[in-house]
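Spelled out, the chains give:
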Amino acid sequence: MPGLFITIEGPEGAGKTTVLQRIVEELEKKGYPIVQTREPGGIAIAEQIRSVILNKDNTKMDARTEALLYAAARRQHLVEKVIPALQKDFIVLCDRFVDSSLAYQGYARGLGMEEVASINAFAIDGMMPALTLLFDVQPEVGLARIHRHDGREVNRLDLEDLSFHQKVREGYLKLAEANRERIVVIDAEQEQELVYRAALSEIEKVLG
Ligand code: TYD
């Protein structure tokens with residue numbers, strides 16, 4: 001398939017969204033055809049699935065059900081948006097993809113990365129990104145950034161959450177180690193300008 005599929009991953013507070021926005025502007029200025037998206041990407045069916053996952057009334061949500069629903073939403077977004085754009089030769093930059101499920105559901109929630117990989121293999125049917133940028137940040141730093149935005153201090157609950165976020169990071173780093181040909185780790189603790197430049201330069205490498 002022509003086009004180029006690139007995904008951006010990382011924990012909360014890694015600054016993916018802001019940097020991604022700048023990258024899109026820069027690449028568009030250079031004349032590249034870009035589709036910027038994120039799961040569930042405004043696809044009605046995927047949004048509906050996502051609202052089931054996020055509905056606070058669904059307290060009985062089983063962890064495997066959650067993983068299956070993420071995979072289902074991913075499938076729909078891929079088929080309706082990503083694949084058609086790649087077929088038209090667009091560069092698709094997607095904020096979060098299968099590695100999010102592997103790190104969050106597989107590793108941090110403890111379902112097992114292999115198990116989550118296998119249900120996702122069915123969902124994505126071989127459509128893996130050519131490049132994945134992993135914005136790496138220690139959870140303490142990422143969470144502090146989020147709280148600074150909220151204007152509130154880190155409380156006890158946030159600290160309890162820290163071990164979960166630590167696991168998310170560990171999961172991501174394990175994935176990066178096992179997929180060196182695809183995943184590039186970007187130090188997202190640097191100042192934003194440097195994160196932006198590092199990310200752009202990795203993308204330009206694959207653009208050739
Ligand atoms: P979102 O509102 O998209 O925020 P952001 O990407 O800016 O962090 O929320 C995404 C949340 O959903 C985030 O906490 C990660 C989680 N998530 C999973 O647990 N598994 C997945 O497969 C995906 C795509 C997201």
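Just above, that's the structure.
Keep in mind that this is a model prediction, so the values were computed, not measured. (Residues numbered from 1 in each chain as written. Predicted model: local features only at pLDDT ≥ 70, side-chain atom pairs only at ≥ 80, totals over all residues. Heavy atoms only, no water.)

### Observations concerning the overall build of the protein chain
Argument step 1. Secondary structure summary: the protein chain contains 8 helices and 5 strands in total.
Argument step 2. Traced from its N-terminal end to its C-terminal end, the protein chain shows the element sequence β-α-β-α-α-β-α-α-β-α-α-β-α.
Argument step 3. Over its C-alpha atoms the protein chain spans a radius of gyration of 17 Å, differing by no more than 12% from the 17 Å that the globule rule assigns to 208 residues.
Argument step 4. Across its three principal directions, the C-alpha atoms of the protein chain cover 50 × 40 × 30 Å.
Argument step 5. Classification of the 208 residues of the protein chain by burial places 47% in the buried group.
Argument step 6. Here the protein chain carries 26 positive and 33 negative side-chain charges, and the mean point of each set is 1 Å from the other. (Helix = DSSP H or I, 4+ residues; strand = E, 2+ residues; numbered from the N terminus. Rg over C-alpha atoms; globule rule 2.2 N^0.38 Å. Buried < 20%, exposed > 50% of the residue type's maximum accessible area, 1.4 Å probe, protein only. Lys, Arg positive; Asp, Glu negative; His and termini not counted. Charge placed at Lys NZ, Arg CZ, Asp CG, Glu CD.)

### Concerning the environment of Glu 177
Argument step 1. For Glu 177, the location among the structural elements is in helix α7 (residues 156-178).
Argument step 2. Between the C-alpha atoms of Glu 177 and Gly 112, which are 65 residues apart in sequence, the distance is 17 Å.

### Observations concerning the site of the ligand
Argument step 1. Around the ligand, the neighbouring residues are Glu 12, Lys 16, Arg 38, Glu 39, Arg 50, Tyr 70, Arg 74, Arg 96, Ser 100, Ser 101, Tyr 104 and Gln 105.
Argument step 2. Side-chain polar atom of Glu 12 to an oxygen atom of the ligand: 2.4 Å apart, as the coordinates give it.
Argument step 3. Within the side chain of Lys 16, one N or O atom sits 3.2 Å away from an oxygen atom of the ligand.
Argument step 4. Taking 540 Å² as the accessible area of the ligand by itself, protein coverage stands at 76%.
Argument step 5. Elements that contribute at least two residues to the shell around the ligand include exactly α3 (63-87) and α4 (98-108).
Argument step 6. Counting residues per element, the shell around the ligand draws most heavily on α4, which supplies 4 residues. (Near = heavy atom within 4 Å. Polar contact = N/O pair within 3.5 Å; in protein donor to acceptor, adjacent residues only side chain to side chain. Areas by Shrake-Rupley, 256 points an atom, 1.4 Å probe, with all protein chains shown as cover.)

### Structural notes on the packing of helix α1 (residues 16-29) against helix α8 (residues 192-207)
Argument step 1. Where α1 contacts α8, the two axes come as close as 10 Å, and the packing angle between them is 50 degrees. With respect to each other, α1 and α8 are oriented oblique. Here the hand of the crossing between α1 and α8 comes out right-handed. In this structure, α1 uses Thr 18, Val 19, Arg 22, Ile 23, Glu 26 and Leu 27 to contact α8, whose residues at the interface are Gln 192, Glu 193, Val 195, Tyr 196, Ala 199, Leu 200, Ile 203 and Leu 207.
Argument step 2. Of the residues that constitute the contact of α1 with α8, the class distribution is 9 nonpolar, 2 polar and 3 charged. (Axes fitted to C-alpha atoms, helices over the stretch in contact; angles between N-to-C directions. Parallel < 35°, antiparallel > 145°, perpendicular 65-115°, else oblique. Left-handed = near helix turned anticlockwise from the far one by under 90°. Contact = heavy atoms within 4.5 Å. Nonpolar A, V, L, I, M, F, W, Y, C, P; charged D, E, K, R; others polar.)

### Quick notes on the pattern of salt bridges
Argument step 1. All chains considered together, the criterion is met by 12 salt bridges.
Argument step 2. Among the salt bridges present, the one from Glu 26 reaches Lys 29, with a minimum N-O distance of 3.5 Å. Residue Glu 26 and its partner Lys 29 are both found in helix α1; the two are separated by 3 residues, about one turn of the helix.
Argument step 3. What makes Lys 29 exposed here is its relative accessible area of 70%. (Salt bridge = Lys/Arg side-chain N within 4 Å of Asp/Glu carboxyl O.)

### A closer look at the pairing of strand β1 (residues 4-9)
Argument step 1. Most of β1 is tucked away, with 6 of its 6 residues classed as buried.
Argument step 2. Both faces of β1 are covered, namely the face carrying Leu 4, Ile 6 and Ile 8 and the face carrying Phe 5, Thr 7 and Glu 9.
Argument step 3. Sheet topology places β1 next to strand β3 (residues 91-95); 5 bridges connect them, and they run parallel. Counted as the bridge partner of Thr 7 is Cys 94 from β3.
Argument step 4. In this sheet, strand β4 (residues 131-136) lies alongside β1 in parallel orientation, the contact comprising 4 bridges. In the sheet register, Glu 9 faces β4, and the bridge partner there is Leu 134. (Pairing = 2+ DSSP bridges.)

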